[in-house]
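# Understanding the architecture of this molecule
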Amino acid sequence: MDEAKFIEEKIEEIKSITGSEKAISALSGGVDSSACTVLAHRAIGSNLKVIFIDDGLMRANEPEDVSRIFAGLGIPVDIIDAQDEFFYALKGISDPEEKRKAFRDIFYTVFGREVMRSQAKYLVQGTIAADIIETKGGVKTQHNILEQIGIDPEKGFGFKVVEPLKELFKHEVRKVARALGLPERIYARMPFPGPGLAARVVGEVTPEKVSLVRKATQIVEEEIESLKPFQAFAVLLSDKGTGIEEGRRKFGDIIIVRSVESKDAMTASPTQVPWDTLMAISRRITDEIPEVVRVAYEITPKPPATIEYV
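The shown structure was predicted, so the numbers you read here are calculated from the model rather than taken from an experiment.

On to the sheet that holds strand β3 (residues 78–81), then. Judged by pairing direction, the sheet is parallel, and its 5 strands sit side by side in the order β3-β2-β1-β4-β5 without closing on themselves. The sheet is open, and its two borders are formed by β3 and β5 (160–162), each paired with just one other strand. Geometrically, the sheet is characterised by an average inter-axis angle of 35 degrees between neighbouring strands, direction not taken into account. Across the sheet, helix α3 (residues 62–72) lies against β2 (48–54) and β3, angled at about 160 degrees from β2, the strand it touches most.

Rendered as structure tokens:
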């Protein structure tokens, strides 16, 4: 792949599509949306407004970190606090597909509102090939797929969608992001699901559960960082397990640790994590998150499992 040629072509494509109209870039801080944001900024400059939706489902300190990184690139970011709206939309929903669809609907509702406020006509987003393939194939609904499954974003939410990366897979997007001058902590960072930590809570999503799995995910990422897996994270199960506290029985939460190796996210194999690392993760999670009484490591490849749980 010729990254320089791809970048040049996509800048011209974005210019051609948007013309003199304003656009909004949906930035999450992942490599896909970050690459799209830089492409769009180079293409239309001040006609682009970059928005980070704080849905309450991100990694620790993500909105502030992402805003700071892009400020360093000369690209201002508006942070929109929509946490209450997202948790309300997810309330009472346990089915994985229904959760993903509920997230998608509130995600685009919020962006539709911001598009109207900004008098923009276009939303630039980081859809990639794997998102389209898995959604159209019925594996799981990716939140950023609309037109490909027959949803008209203009009729439903008030904007047209621009997807510069939809032909690329993750490893190709990384190359483009690097060529665009994005820092390594962006172009090399692990994938993070569109629905955020909602994809790592089995059952109903609540602020309390998200807070717990956020802490556990941070521990997993810190302890496993030196192995540089494709993706590693924690999952909170809906069941409880029996533990012991001060010699007495205690029912507590169960955390699953997942780490995989992959190139394009279409297939994946479990990371062969050293025993000492697994024990360090287990000790830290149970010590730092007292609600957790059991930690397990999952070894299922994709397929038959998906990478994320929900």
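Next comes the rest of the account.
F70, L165, I255 and I285 are the most contacted members of the largest nonpolar core, which totals 85 residues. The contacts of L165, once residues within four sequence positions are left out, are F6, D32, A35, C36, L39, T127, I128, A129 and V173. Formed by 8 residues, the second largest nonpolar core is a distinct cluster that contains F233, I256, A265 and I307.

Another aspect to go through is the packing of helix α1 (residues 3–18) against helix α2 (residues 31–44). Geometrically, a packed helix pair is captured by the angle between its two axes and the distance between the axes. Viewed as axis vectors pointing N to C, α1 and α2 meet at an angle of 65 degrees, and their least axial separation amounts to 9 Å. The element α1 and its partner α2 pack so that their crossing is right-handed. Contact residues: α1 offers I7, K10, I11, I14, K15 and T18, while α2 offers L39, A40, R42, A43 and I44.

Our next topic: α3. Within the span of α3, buried status applies to E62, P63, D65, V66, S67, I69 and F70. Next to the buried residues of α3 lie α2, β2, β3 and α9 (184–187). Following α3 by one or two positions, G74 has its phi on the positive side, about 80 degrees.

Now for empty space enclosed by the protein. Counted under the stated rule, the structure contains 2 cavities of 30 Å³ or more. For the largest cavity, the calculated volume is near 740 Å³. Forming the walls of the largest cavity are 43 residues, and the residues nearest its centre are D32, H143, F192, P193 and G194. Contributing elements (two or more residues each) for the lining of the largest cavity: α2, β2, α5 (96–117) and α6 (129–136). Of the residues forming the lining of the largest cavity, the biggest block, 4 residues, is contributed by α5.

What follows covers the packing of aromatic side chains. For the coordinates displayed, the defined rule picks out 7 aromatic pairs. On the basis of an interplanar angle of 85 degrees and a centroid distance of 5.0 Å, the ring pair of F107 and Y108 is categorised as edge-to-face. In this structure Y108 comes out as buried when scored by relative accessible area, which is 0%. With centroids separated by 6.2 Å and ring planes inclined at 20 degrees, the aromatic side chains of F157 and F159 adopt a geometry described as stacked.

A separate point is the pairing of strand β7 (residues 248–261). Where burial is concerned, most of β7 is hidden: 10 out of the 14 residues are buried. Between strand β6 (residues 231–245) and the antiparallel strand that follows it, β7, lie 2 residues; E246 among them carries a positive phi value of about 55 degrees. Pairing between β7 and strand β9 (residues 292–297): 5 bridges, direction parallel. Opposite I255, over in β9, you have V295 as the bridge partner.

Right, let's get into the pattern of salt bridges. In this structure the tally under the stated criterion is 21 salt bridges. As a salt-bridge pair, R113 and E85 come within 3.0 Å of each other at their nearest N and O atoms. Placement of R113 in helix α5 and of E85 in helix α4 (residues 83–90) is noted, with a sequence separation of 28 residues between them. The shortest N-O distance in the salt bridge between R284 and E223 comes to 3.0 Å. On the criterion of sequence distance, the pair formed by R284 in helix α11 (residues 275–288) and E223 in helix α10 (residues 207–224) is long-range, its members being 61 residues apart. The partly exposed category is assigned to R284, whose relative accessible area is 21%. Residue E223 is classed as partly exposed on the basis of its relative accessible area of 25%. The structure contains a network of salt bridges with shared partners spanning R59, E62, R189 and E221.

What follows covers the side chain of K99. Within the secondary structure layout, K99 lies in helix α5. Residues in contact with K99, not counting those within four places in the same chain, are L90, I93, S94, A198, V201, V202, G203, V205 and V310.

Turning next to the pairing of β2. In summary, the side chains of a regular strand alternate between the two faces of the sheet. In terms of burial, β2 is largely enclosed, as 6 of its 7 residues are buried. Between the parallel pair strand β1 (residues 23–26) and β2, the chain is carried across by α2, and the sense of this crossover is right-handed. Here β2 pairs with β3 via 4 bridges, running parallel. Bridging across to β3, F52 finds its partner in I79.

Here the focus is the environment of E12. Inspection of the secondary structure assignment puts E12 in helix α1. Assessed through its relative accessible area of 45%, E12 is described here as partly exposed. Measuring from C-alpha to C-alpha, the distance between E12 and A43 comes to 6.8 Å, with 31 residues separating the pair along the chain.

The rules behind each value
- Throughout this description, residue numbers start from 1 for each chain and increase along the sequence as written.
- The model is predicted, so local features are restricted to residues of pLDDT at least 70 and side-chain atom pairs to those at 80 or more, both for listing and for counting; the totals for chains, interfaces and linings are taken over all residues.
- Where side-chain values are given, they derive from all heavy atoms of the structure, hydrogens and water being excluded.
- Whether two strands pair comes down to DSSP finding at least two bridges between them.
- Secondary structure elements follow DSSP: runs of H or I no shorter than four residues count as helices, runs of E no shorter than two count as strands, and numbering proceeds from the N terminus.
- The axes used here are C-alpha line fits, helices contributing only the stretch in contact, and every angle between their N-to-C directions lies in the interval 0 to 180 degrees.
- By definition, residues are in contact when any of their heavy atoms lie within 4.5 Å.
- Nonpolar cores were defined as sets of buried Ala, Val, Leu, Ile, Met, Phe, Trp, Tyr and Cys residues, with membership established by side-chain atoms within 4.5 Å.
- Per-residue accessibility, obtained with a 1.4 Å probe over protein chains only, is compared with the maximum for each type, and a residue is labelled buried under 20%, exposed over 50%, and partly exposed between these values.
- Here a crossing is taken to be left-handed if its near helix is turned anticlockwise relative to the far helix by less than a right angle, and right-handed if that turn runs clockwise.
- Cavities and pockets were defined on a 1 Å grid built over protein atoms only: a cavity is a set of grid points that admits a 1.4 Å probe from which the probe cannot escape, a pocket is an open set flanked by protein on both sides within 12 Å along at least five of seven lines, and lining residues are those with an atom within 4 Å of any such point.
- Grid points are joined across faces, edges and corners, and a volume is the space filled by probe spheres set on the points.
- For Phe, Tyr and Trp, where Trp contributes only its six-membered ring, two rings pair if their centres lie within 6.5 Å, and the inter-plane angle classes them as stacked under 30 degrees, edge-to-face over 60, or tilted in between.
- Here, a salt bridge means any Lys or Arg side-chain nitrogen found within 4 Å of an Asp or Glu carboxyl oxygen.
- Classification remark: right-handed applies to a crossover when, strands pointing away from the viewer, the course from the first strand over the helix to the second runs clockwise.

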